[in-house]
Amino acid sequence: MVGATAYAHEPVAAATRALDVHSVSHAYTLEGNPLPVLDNVGFRVEPGGFVALLGPSGCGKSTLLRLVAGLEQPVRGEIRVDDKAIAGPDPSRVVVFQDPTLYPWRSVYDNVALGLEAQGLLKTRRHRVDEALALVGLTPFKKAYPHQLSGGMAQRVALARALVNDPEFLILDEPLGKLDSLTRISMQGEIVRLWQQKGFTALLVTHDVEEALVMATRIIVFSDRPATIKADIPVDRDYPRHRDDPGLVELRRKILGLLGLEATW
Amino acid sequence: MTLITTILDGQESEASSLSRSNPAIKIPAVLLALAASASWLATAAVTYYMPDVIDFGRVPEFAALSILIAAALIAGVIAGIRQPALGAKVRRLLPWSLALGIFTLIWQLLAGKLGVLPQPFFPPPHGLLEVFTDDYPKLIEGVLASLRLEFLGFAFGAIIGFWVGVALGWSRTFGYWVHPIMRFIGPVPSIAWLPIAFFAFPSSFSASIFLIALTTGFPVAVLTWSGVASVNPAYYDVARTLGANERFLIFKVAIPAALPHVFVGLFMGLGASFAVLVTAEMMGVKAGLGFYLQWAQGWAAYANMYAALIVMAVMCTGLVSLLFKIRDRVLSYQKGDVKW
Ligand SMILES: Nc1ncnc2c1ncn2[C@@H]1O[C@H](COP(=O)(O)OP(=O)(O)O)[C@@H](O)[C@H]1O
Ligand SMILES: [Mg+2]
């Protein structure tokens, strides 16, 4: 990856705090009726973990991430960072959404600089923008505007926009869902490398079992809406992982079975 | 003839190689250039040699101007042989030059020389030229006065409308109080306020600024509001997770995201404000192009009225073009949309 060495001199803000999702339930109101989305979900993520959240579409994974990000408050239960309940968004917990949602009126550089600017840190930490751009290999495109980028490039910018803040928790909501399979595979590797290098805690929502298997140290499988935890599976394999690893293939069979798809495999 | 042969047989210039590869475009261009300059030469001849129905001044000057146009067209085509960029520009102008030449010729014949169009209501072209050459100080004075009034009213209206729109889009409390007022007053044509404004304000000038500001402000406020209201909520989520406060969300997210809408409102407001500008100048302000029109009508100076209309058209289209330029600059991140 381009420029990875440029970052090596930076202090690495490794995660030190645990994330505790504590019996969380959540519901939306849909046409006047309550729509239960999360039902007593609880799990704890140790600092530096890489947890994949796997579940059928519409079960409540994004909702859970919004709660972790602090964009919404759960109806019941609490999400804690080292025993302190999350009350609102904080730049130590940054989300990469499924859509890159870059601001079309900002150049690539200014999009990446967004977090520093919002926190009033742009003056002192401007160099971090260039480093983050180098990290995702987009330095030559820093003056481009979002409409000039491909889907994969836009998603990389979104990743750089998150990394520039050196988050303790990187929250990824199907960030690779819309990419072609080649770009997807290479970005899976890049994200894992960044996680190893920087030591943040990663929370990855995906509906792609293979993606969860090659990336995460642990996979939490959710039921249909309202989501409950169906299984919590450690993935004890070294990186870089191989898709054909018999251990992973065995795990895939098991997870697909949990998702009710064993017949197709 | 030499012109055609130069273009068709010229060997040295790079344009000539173009002409050989694409002669179908060049030959009509030459014919068109000849026809266009012929139409202007004919206009010059008719202007100079036929007697006027009613005496208007500036006959030789207008004839000279027509000859000048004819010569410029030919010169432009010849210069275009060496400079392809200029040539392309000139070729684009040729059809319009021909059409205007024929129009001016017919106009001159019907109005100035044959008296088919009743006089003095339809002055000939040199009658208009006479206004421009003899009355230009008054016209310039009128343009400056109109621009001043328009600028002040538009600026006030745009700024106030913009902030009202932002506040409507952002604050529920503000919306609760202001939205009903806007719904009640907004659709009333600003001109309806004119009689009240003229006695409620200390001067007709300040009253007119108020009316133009009102006309401009309403569409700007509505469009800014809808722009702020339709900002993709995910933009706010992104900024909030990155540590943005409310001020940042308004100034760095909502407003830039709403700007394309704001410009639609500015264009609507600008268009509507011209009507109020001219009406206000005719009804009370003793300056500006509207006042000039009124004054010309009082003196039955028909040529002056047409001349003022032309100046007004140039001024208004100039202001619209200026706003387009500003928009293209501010929204340069977008791909180019409508051309004015
Ligand atoms: N703001 C909202 N208002 C009402 N219903 C919502 C809202 N956001 C999500 N939902 C509903 O909650 C359920 C879970 O959504 P989501 O968390 O996005 O699922 P996932 O990310 O697992 O696909 C869906 O049925 C969705 O329609
Ligand atoms: Mg989702």
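These figures come from a predicted structure and were not determined experimentally.

S.K.: For the packing of aromatic side chains, give the residues involved together with the corresponding values.
M.R.: All names here are of chain B. This model, assessed by the stated rule, comprises 17 aromatic pairs over all chains. Centroid distance Trp 170 to Tyr 236: 5.7 Å. Interplanar angle 75 degrees. Geometry classified as edge-to-face. With Trp 170 in helix H7 (residues 136–170) and Tyr 236 in helix H11 (residues 233–241), this residue pair connects regions lying 66 residues apart in the sequence. By relative accessible area, Trp 170 is classed as partly exposed at 27%.

S.K.: How would you explain the sheet that holds strand S4 (residues 76–81) of chain A if you had to name every residue and give the values?
M.R.: Residues and elements named next belong to chain A. Spatial ordering of the open sheet is given by S2-S1-S4-S5, a layout of 4 strands whose pairing is antiparallel. The outermost strands of the open sheet, each flanked by one partner alone, are strand S2 (33–45) and strand S5 (84–85). Two elements, strand S1 (residues 19–30) and S4, share 5 bridges in a ladder whose sense is antiparallel. Looking across to S4, one finds that Ser 25 is bridged to Arg 76. Here helix H2 (residues 61–69) sits on the sheet in contact with S1, S2 and S4, set at roughly 120 degrees to S1.

S.K.: Account for the UniProt feature "domain: ABC transmembrane type-1" (unreviewed entry) in chain B, naming residues and giving values.
M.R.: UniProt marks residues 143–324 of chain B with the feature "domain: ABC transmembrane type-1" (unreviewed entry), using the numbering shown here. Within the segment residues 143–324 of chain B, helix and strand shares are 85% and 0% respectively, and the terminal C-alpha atoms sit 21 Å apart.

S.K.: Please give an account of the sheet that holds strand S3 (residues 50–54) of chain A that cites residues and values.
M.R.: Residues and elements named next belong to chain A. Here we have 6 strands laid out as an open sheet, ordered S6-S7-S8-S3-S9-S10, and mixed in their pairing. Each edge of the sheet is formed by a strand with only one pairing partner; in this case those strands are strand S6 (93–96) and strand S10 (229–234). Strand-to-strand, the axes of this sheet are offset by a mean angle of 15 degrees, without reference to chain direction. Direction of pairing for strand S7 (residues 169–173) relative to strand S8 (residues 201–206): parallel, over a ladder of 5 bridges. Each residue of the ladder has a partner; that of Asp 173, found in S8, is Val 205. Contacts from helix H7 (residues 151–163) reach S6 and S7 within the one sheet, and its direction differs from that of S6 by about 175 degrees.

S.K.: For the pairing of S10(A), give the residues involved together with the corresponding values.
M.R.: Both strand S9 (residues 218–222) of chain A and S10(A) contribute to a ladder of 5 bridges, which runs antiparallel. Within S10(A), the position partnered with A:Val221 by the bridge is A:Ala231.

S.K.: How would you explain the UniProt feature "transmembrane region" (unreviewed entry) in chain B if you had to name every residue and give the values?
M.R.: All names here are of chain B. Listed under "transmembrane region" (unreviewed entry) in the UniProt record, and renumbered for this structure, are residues 29–50, 62–81, 93–110, 151–170, 182–201, 207–228, 249–279 and 299–324. The annotated region residues 62–81 carries 100% helix and 0% strand content, and the separation between its end C-alpha atoms amounts to 29 Å. Helix makes up 100% of residues 93–110 and strand 0%, with an end-to-end C-alpha separation of 26 Å.

S.K.: Please give an account of the packing of helix H5 (residues 84–113) of chain B against helix H6 (residues 125–134) of chain B that cites residues and values.
M.R.: Packed helices, taken two at a time, are described by their axes: the angle between them and the distance between them. Residues and elements named next belong to chain B. Interhelical geometry of H5 versus H6 gives an angle of 90 degrees and a closest axis separation of 8 Å. Between H5 and H6, the crossing angle belongs to the class labelled roughly perpendicular. Residues Thr 104, Trp 107, Gln 108 and Lys 113 of H5 touch H6, and the partners they reach there are Pro 125, His 126 and Leu 128. Grouping the constituent residues of the contact of H5 with H6 by class yields 3 nonpolar, 3 polar and 1 charged.

What counts as what
- Numbering of residues starts from 1 in each chain and follows the order in which that chain's sequence is written.
- By the order in which they are written, chains take letters starting at A while ligands take numbers starting at 1.
- Confidence filtering applies because this is a predicted model: local features only for residues at pLDDT of at least 70, side-chain atom pairs given and counted only at 80 or more, and all residues used for totals across whole chains, interfaces and linings.
- Based on all heavy atoms of the structure, the side-chain values leave hydrogens and waters out of the count.
- The criterion for an aromatic pair is that two Phe, Tyr or Trp rings (for Trp, the six-membered ring) have centres within 6.5 Å, with stacked assigned to planes under 30 degrees apart, edge-to-face to planes over 60 apart and tilted to the rest.
- Where helices and strands are cited, they refer to DSSP runs of H or I of at least four residues and of E of at least two residues respectively, numbered from the N terminus.
- The buried label goes to any residue with under 20% of its type's maximum accessible area, the exposed label to any with over 50%, and the partly exposed label to all in between, with areas taken from a 1.4 Å probe on protein chains only.
- Here, a strand pair is defined by DSSP locating no fewer than two bridges between the strands.
- Throughout, a contact is declared for two residues whenever any of their heavy atoms are within 4.5 Å.
- Here an angle of 0 to 180 degrees is reported between the N-to-C directions of two axes, which are lines fitted to C-alpha atoms, with helices fitted over the stretch in contact.
- UniProt positions are given in the numbering used here, feature names are shortened, and annotations may be inferred rather than shown by experiment.
- Oblique is the label for any angle not under 35 degrees, not over 145, and not in the 65 to 115 range, which are roughly parallel, roughly antiparallel and roughly perpendicular in turn.
- Under the scheme applied here, ten amino acids are nonpolar (Ala, Val, Leu, Ile, Met, Phe, Trp, Tyr, Cys and Pro), four are charged (Asp, Glu, Lys and Arg), and all others, including Gly, are polar.

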